[in-house]
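# Residue-level structural notes
Listed here are the chains, written in short residue letters.
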Amino acid sequence: MKTPKESLTVMTDLVLPSETNPLNNLFGGELLARMDRAASITARRHSNQLVVTASVNHVSFGRTVPLGSIVTVEAKVSRAFKTSMEIYIDVWVNDSLVGQRKKANEGIYTFVAVNQDGRPVEVPQLQPETEEEKDRYASALRRKQLSLILAKKMHPMDATELKALFLKD
Ligand SMILES: CC(C)(COP(=O)(O)OP(=O)(O)OC[C@H]1O[C@@H](n2cnc3c(N)ncnc32)[C@H](O)[C@@H]1OP(=O)(O)O)[C@@H](O)C(=O)NCCC(=O)NCCS
């Protein structure tokens, strides 16, 4: 059993001209790569195994990130299943001129721990501590079921927790 803070990964970097779109804001694919990198480090720290990205479950680009910004990507395990881990990534932008930190984006990725042959191996379970960690832990099973349905790896009728959101007894 491990806590989320044991594998927390925080990566801070600038937005350079080669990483921006024609409006001089951070290019979405560049941010996705930074999120994937931070999340994969978190998944490796939690599992002490090699890991692969199994799915990008959700990404929202809520705020543009201008050229020159200081961007901090924070990745934490939100739930561990048998061989897979959901990693929640929060992206913050610092305006160094006024010293403010604002939430810019967030993403949720699924990683699977694998052996040298690329076969899934078991991971330690997660013990959430803060209220936010407990909320994210509780909703992770629904997101896993949705991701598996979209990947055609689960039948919607078997997604009990997800169905419970929409159906009352
Ligand atoms: C991810 C991968 C290892 C899963 O292998 P698999 O043969 O489907 O293995 P399984 O069906 O046993 O699934 C393993 C775990 O992944 C989970 N999983 C698989 N696909 C998933 C998806 N789309 N969304 C969420 N979870 C998924 C399963 O639920 C299972 O989790 P659990 O053991 O915690 O319950 C395999 O598909 C793979 O290697 N994919 C390529 C990964 C890669 O190269 N990523 C980089 C992208 S370029």
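Scroll up to find the structure.
Residues numbered from 1 in each chain as written. Predicted model: local features only at pLDDT ≥ 70, side-chain atom pairs only at ≥ 80, totals over all residues.

### What to know about the site of the ligand
- The environment of the ligand is formed by 18 residues, the closest being Phe81, Lys82, Thr83, Ser84 and Ser147.
- Those elements that provide at least two residues to the shell around the ligand are strand S2 (50-61), strand S5 (100-114) and helix H2 (131-150).
- Of all the elements, S2 adds the most residues to the shell around the ligand, at four residues.
- In terms of residue class, the shell around the ligand is made up of eight nonpolar, seven polar and three charged. (Near = placed C-beta within 6 Å. Helix = DSSP H or I, 4+ residues; strand = E, 2+ residues; numbered from the N terminus. Nonpolar A, V, L, I, M, F, W, Y, C, P; charged D, E, K, R; others polar.)

### Side note on unusual backbone geometry
- Its identity is not glycine, yet asparagine 24 carries a phi of approximately 65°, on the positive side.
- Examined against the element boundaries, asparagine 24 turns out to sit in the loop between strand S1 (9-14) and helix H1 (28-47).
- One non-glycine residue, lysine 152, lies in positive phi territory at about 60°.
- Secondary-structure assignment places lysine 152 in the loop between H2 and helix H3 (160-163).

### Some remarks on the nonpolar core
- Core analysis: the biggest nonpolar cluster contains 30 residues, and Ala39, Ile87, Ile89 and Phe111 have the highest contact counts within it.
- Broken down by secondary-structure element, the contributors of at least two residues to this core are H1, strand S3 (70-80), strand S4 (84-95), S5 and H2. (Core = buried A, V, L, I, M, F, W, Y, C linked by C-beta atoms within 7 Å. Buried ≥ 20, exposed ≤ 12 C-beta atoms within 10 Å, placed from the backbone.)

### Some points on the pairing of S3
- For S3, the tally of buried residues reaches eight of eleven residues, placing the bulk of the element in the interior.
- Relative to S3, S1 is paired through six bridges, and the arrangement is antiparallel. Residue pairing across strands places valine 10 opposite glutamate 74, the latter belonging to S3.
- Bridging between S3 and S4 involves ten bridges; their strand directions are antiparallel. Across the sheet, glutamate 74 pairs through a bridge with aspartate 90, a residue of S4.
- Linking S3 to S4, which pair antiparallel, is a turn of three residues. (Pairing = 2+ DSSP bridges.)

### Some details on the sheet that holds S1
- Pairing within the open sheet is antiparallel, and its five strands lie in the order S1-S3-S4-S5-S2. The two strands at the open ends of the sheet, each matched to only one other strand, are S1 and S2. In this sheet, neighbouring strand axes are inclined to one another by 25° on average, regardless of whether the strands run parallel or antiparallel.
- Docked against the sheet, H1 engages S1, S2, S3, S4 and S5, running at close to 130° with respect to S4.
- The strands touched by H2 are S2, S3, S4 and S5; relative to S3, the strand with the most contacts, the crossing angle is about 85°. (Axes fitted to C-alpha atoms, helices over the stretch in contact; angles between N-to-C directions. Contact = placed C-beta atoms within 7 Å.)

### Some points on the environment of threonine 110
- Mapped onto the elements of the fold, threonine 110 is located in strand S5.
- In this structure threonine 110 comes out as buried when scored by C-beta crowding, with 24 C-beta atoms within 10 Å.
- Residues threonine 110 and serine 84, 26 residues apart in the sequence, show an inter-C-alpha distance of 6.7 Å.
- Those residues in contact with threonine 110 that sit more than four places away from it in its chain are Ala54, Ser55, Asn57, Ser84, Glu86 and Ser147.

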